[in-house]
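The residues making up each chain are set out below.
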Amino acid sequence: MQPEIWKRFKEEITIWRVGALPGMALMGLVIMARLSGAMQPLEWLAFDHFLRLRPAEPIDERIIVVEINEDDPRIRQNYAINSAISDRDLSQLLLKLNKYQPRVIGLDIYRNLPVNPGYDELVKVLSETKNLVAIEKVLPDSVPPPPTLSQEQIGFADQLPDSDGKLRRSLLSTPSPSSSEYKFSLSLRLAEIYLAKAGITLENGIRDRHALRFGKTELPRFSPNAGGYIRTDAGGVQVLLNFRSGKNRFQTVSLYDIQNNKFNLELIRDRIVIIGITSPSRKDFITTSAIESTKPAPGRVYGVEIQAHAVSQIISAVLDKRPLLNTWPDIWEYLWIIAWGILGIASARLTKSPLGNFFIIVCASCSLITISYLSLIWGWWVPFVPAFLVLILNGIELTALYQNDHALRLGIKARQAIIERTFETIHNGPLQNLAKVLKLVRDRNNPSQELLTEIEDELEKLNQELRGIYEFLQREPPHQDNSLYLGRSLVLNLQDPLHEILYQVYTYTLEREFPCFRTIRIKILNFEPIDERHLTTEKKQSLCRFLEEALCNVGRHATGVTRLEVNCSSSEGWYTLSIVDDGLGFASSTEGRGTQQFRNFAKQFKGKFRRFPLSPKGTLCELSWPMRKFWF
């Protein structure tokens, strides 16, 4: 790697480190907050809102919900007496429904105790209805199922609300407290019976032996750290509940409508029928923000509809390939968060202004929201809140840090530039006079009186040069480089064409009283106009200083010079400024300040500097730089 590239690489690493270390620390704090569970409510909230914003899905016509409410006066009277539908009414409902051959009936009503009249009738109907699944309760307190039903006709109705009281998971299977067998949920039993007619049976998973599978569709088992959850009880077999979106999710019919034949009962044929209570007085509600709530109960949905969602999720995944909700392994989730945090650091580093950074952060945030939303539609819950936080905090907070660091670096660079320009002005003016004084003092051949007079003249020139520099700096602040001070109060306007400025430098410098200038007899001068669109005033100033210093070297060291040729022209894609003399020159084993200055000029122009003796005598001093191509 070239030294210049390596230097630039190290500088860039240093600049990145300014924001990278605080940015990484901030990402670490966000990850720690997530691991502690502090972000769990926010991630649940984002999850619910994304589910709620999904486009509406068509009604799942394979499921019909039979609502037992207070529309029927007779039912209303029963409610007023015992808050339950009588066994006789329930048995008549089951007989009428079964007459139209539903594939399976789910009874989402606890029936462990008689509700007279009609208990004996209900027991008989239950024993004769083989496609019926009734509910029990197993967690934490148990409620037994109705009598006379086999184990395959029983499913638990327990739900697992989160700590904020909202439902996001569906419990499909749990160990039996009294035996080594597993108990299945009502939704799983209904799906199992419905899919069995299509030749699809319930089996253990292939990728995960503890998961459940229908045919080739494996239900992704919930884990303690799935999605936004942290160290959650994942006992039994649980899945994330992918609610059906839209206002009208399922077909519903009331008990009153069925009893009075106000419903096309042929629509029941080969369907899943779920019977449940939808009366506010019973308060069979489940709280959720993922779907639109039931009108009499804001923010809540009746329990029977939750069962319909749980069944629909399974059969739609198996038969329609509707996505089930999956989550990434922990390592991928945290890599995702870190990636967005790095994007925030990069946006703060690469943008040149706070407004530009704000625009990029807004675009990146919108992209993150869109990706997270679309991923959920496609069945993947990706971490949104922590990724959003690291992106926003790193992007906005580190912008101020980078801008401050940039301002400090610019200040240091400007200060260094002021020092360099001031020294160049002194070096090419007063220091040249001082060098001449020192040479006179060391030359003991001159008479003392003549020496003192000459030294006095040179010191006076030195005094005037220093005062002129002071007045120029007072009049022209160092950070404004639109002018160039040469000496004797001569100030050049760097906005003028370059060939005119170089000619003024050439004229002024040759008028200075250097000993070797007196022997020059032939002067060849050529300053061609060049394309200055790529030349800043700083670069024009550097070219002037190069010419001045090179001519001063001829005046001081080119003993016996008779010919001086100065040329500024273009050739073969390069610009060249050269000074050629035929003097004896001056050889030195050390590199002086002037030579270092020339090399810095070459780096500034991304060009080349050469100085070497000519044969039989003379010296070439040359600065060349490439032309910049413009395509418009």
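Residue positions are given per chain, counting from 1 as you read along its sequence in written order. For a predicted model such as this one, the threshold for reporting local features is a pLDDT of at least 70, and the threshold for listing and counting side-chain atom pairs is 80 or more; totals across whole chains, interfaces and linings nevertheless cover every residue. Excluded from the side-chain calculations are hydrogens and water; all other atoms, namely the structure's heavy atoms, are used.

## Concerning helix 16 (residues 593-605)
Alright, step 1. Going along the chain from the N terminus, every DSSP run of H or I of four or more residues is numbered as a helix, and every run of E of two or more is numbered as a strand. Given a helix with a known number of residues, its expected span is that number minus one, times 1.5 Å. Between its first and last C-alpha, helix 16 extends 19 Å over 13 residues, near the 18 Å set by a 1.5 Å rise per residue.
Alright, step 2. Among all positions of helix 16, only Gly594, Thr595, Gln597, Phe598, Phe601, Ala602 and Phe605 are buried. Angular distribution of buried residues about the axis of helix 16 spans 155°; they occupy a single face of the element. Note on classification: 1.4 Å probe, protein chains only; a residue is buried when its accessible area is under 20% of the maximum for its type, exposed when over 50%, partly exposed between these limits. Note: the arc covers the axis-to-C-beta directions of the helix.

## Remarks on the packing of aromatic side chains
Alright, step 1. By convention, a stacked pair of Phe, Tyr or Trp rings (six-membered ring in the case of Trp) has centres within 6.5 Å and planes under 30 degrees apart, an edge-to-face pair has planes over 60 apart, and any other such pair is tilted. Using the criterion set out here, one finds 17 aromatic pairs in the structure.
Alright, step 2. Aromatic side chains Phe546 and Phe609 sit 6.4 Å apart centroid to centroid with 85° between the ring planes, which places their arrangement in the edge-to-face category. Taken together, the residues Phe546 in helix 15 (residues 537-557) and Phe609 in strand 22 (residues 608-613) connect sequence positions 63 residues apart. Just as Phe546 is buried, Phe609 falls in that class too.
Alright, step 3. Within the aromatic cluster, the residues linked to one another by ring pairs are Trp44, Phe47, Phe222, Tyr229 and Trp381.
Alright, step 4. A cation over an aromatic ring shows up here: Arg169 above the ring of Phe222, its NZ or CZ 5.2 Å from the ring centre. Lysine NZ or arginine CZ positioned within 6 Å of the ring centre and within 35 degrees of the ring normal marks a charge as sitting over the ring.

## A short note on the pairing of strand 19 (residues 522-527)
Alright, step 1. Pairing of strand 19 with strand 20 (residues 563-571), which is carried by six bridges, proceeds in the parallel orientation. Residue Asn526 lies in a different strand from strand 20, and its bridge partner there is Asn567.
Alright, step 2. Regarding topology, helix 15 serves as the crossover connection from strand 19 to the parallel strand 20, and that connection is left-handed. Whether two strands pair comes down to DSSP finding at least two bridges between them. Handedness of a crossover is defined as follows: with both strands directed away from the viewer, a clockwise route from the first strand across the helix to the second makes it right-handed.

## Brief notes about the sheet that holds strand 19
Sheets are built from strands paired through backbone hydrogen bonds, the pairs being either parallel or antiparallel.
Alright, step 1. Across the sheet, five strands lie side by side as 19-20-21-23-22; this open sheet has mixed pairing. The open sheet is flanked by strand 19 and strand 22, the only strands paired with a single partner. Across this sheet, the average inter-strand angle for adjacent strands is 10°, counted without regard to direction.
Alright, step 2. Bridging between strand 21 (residues 574-581) and strand 23 (residues 619-626) involves eight bridges; their strand directions are antiparallel. Within the sheet, the bridge partner assigned to Thr576 lies in strand 23 and is Ser624.
Alright, step 3. In this fold helix 14 (residues 498-510) packs onto strand 19 and strand 20, with an angle of close to 160° to the strand it touches most, strand 19. The axes are straight lines fitted to the C-alpha atoms, using for helices just the contacting stretch, and the angles between their N-to-C directions are given from 0 to 180°. Contacts are residue-level and defined by heavy atoms, with any inter-residue pair within 4.5 Å sufficient.

## Overview of the confidence of the model for the chain
Alright, step 1. Confidence in the prediction for the chain averages 83 pLDDT; 78% of positions are at 70 or higher.
Alright, step 2. A low-confidence stretch, residues 79-83 (pLDDT under 50), is modelled with ten contacts involving residues beyond four sequence positions or located in other chains. Confidence of the predictor in every single residue is expressed as pLDDT, which spans 0 to 100.

## So, the packing of helix 9 (residues 330-350) against helix 10 (residues 354-377)
Alright, step 1. Orientation of helix 9 relative to helix 10, taken along the N-to-C sense of each, is 160°, at an axis distance of 9 Å. Here helix 9 is positioned roughly antiparallel relative to helix 10, judged by the angle of their axes. The handedness of the crossing between helix 9 and helix 10 comes out as right-handed. Every residue of helix 10 that contacts helix 9 at Trp336, Trp340, Leu343, Ser347 and Ala348 is listed here: Asn357, Ile360, Ile361, Ala364, Leu368, Ile371 and Ser372.
Alright, step 2. Here the contact of helix 9 with helix 10 is built from residues that sort into nine nonpolar, three polar and no charged. Should an angle fall under 35 degrees it is called roughly parallel, over 145 degrees roughly antiparallel, and 65 to 115 degrees roughly perpendicular, with every other angle called oblique. It is the rotation of the near helix from the far one that decides the hand of a crossing: anticlockwise by less than a right angle makes it left-handed, clockwise makes it right-handed. Each residue is assigned to one class: nonpolar for Ala, Val, Leu, Ile, Met, Phe, Trp, Tyr, Cys and Pro, charged for Asp, Glu, Lys and Arg, and polar for all the others, Gly among them.

## Here we look at the environment of Leu577
Alright, step 1. Among the secondary structure elements, Leu577 is positioned in strand 21.
Alright, step 2. Spatially, the C-alpha atoms of Leu577 and Leu547 are 7.9 Å apart, while their sequence positions differ by 30 residues.
Alright, step 3. For Leu577, the residues in contact, after removing those within four places along its chain, are Phe527, Leu543, Phe546, Leu547, Asn567, Cys568, Cys621, Glu622, Leu623 and Trp625.

## Some details on the pattern of salt bridges
Alright, step 1. Salt bridges are identified by distance alone: a Lys or Arg side-chain nitrogen within 4 Å of an Asp or Glu carboxyl oxygen. The full count for this structure, using the stated rule, is 26 salt bridges.
Alright, step 2. The salt bridge partner of Arg168 is Asp164, with a shortest N-O separation of 2.7 Å.
Alright, step 3. For Arg168, a relative accessible area of 1% gives the class buried.
Alright, step 4. Residue classification places Asp164 among the partly exposed positions, given a relative accessible area of 37%.

## Looking at a nonpolar patch on the surface
Alright, step 1. Among the surface-exposed residues, Ile331, Trp332 and Leu335 lie close enough to one another that they form a single nonpolar patch of about 340 Å² accessible area.
Alright, step 2. Tracing the backbone through its elements, the reader meets Trp332 in helix 9. Here a patch means residues that are over 30% exposed by relative accessible area and free of salt bridges, tied together within 9 Å if like-charged and within 5 Å if nonpolar (Val, Leu, Ile, Met, Phe, Trp, Tyr). Note on areas: Shrake-Rupley, 1.4 Å probe, and residue coverage restricted to the protein chains presented here.

## Observations concerning the environment of Val382
Alright, step 1. Take Val382: it is sitting in the loop between strand 16 (380-381) and helix 11 (385-427).
Alright, step 2. In the structure, Val382 is positioned 56 residues away from Asn326 in sequence and 9.0 Å away in space, judged by C-alpha atoms.
Alright, step 3. Those residues in contact with Val382 that lie beyond four places of it in its chain are Trp328, Trp336, Ser372 and Ser375.

## Section: helix 6 (residues 186-196)
Alright, step 1. Counting buried residues along helix 6, eight of its eleven residues qualify, which places the element largely inside the surrounding structure.
Alright, step 2. Taken together, the buried positions of helix 6 are occupied by Leu186, Ser187, Leu188, Arg189, Leu190, Ala191, Tyr194 and Leu195.

## Section: the packing of helix 15 against helix 16
Alright, step 1. One can describe the packing of helix 15 onto helix 16 by two numbers: an axis separation of 10 Å at closest approach and a directional angle of 150°. One way to sum up the angle between helix 15 and helix 16 is to call them roughly antiparallel. Considering how the two elements wind past one another, helix 15 and helix 16 form a crossing that is left-handed. Contacts between helix 15 and helix 16 pair Glu538, Lys539, Ser542, Leu543, Arg545, Phe546, Glu549, Ala550 and Asn553 from the former with Gly594, Gln597, Phe598, Phe601, Gln604 and Phe605 from the latter.
Alright, step 2. Residues belonging to the contact of helix 15 with helix 16 are distributed by class as follows: six nonpolar, five polar and four charged.

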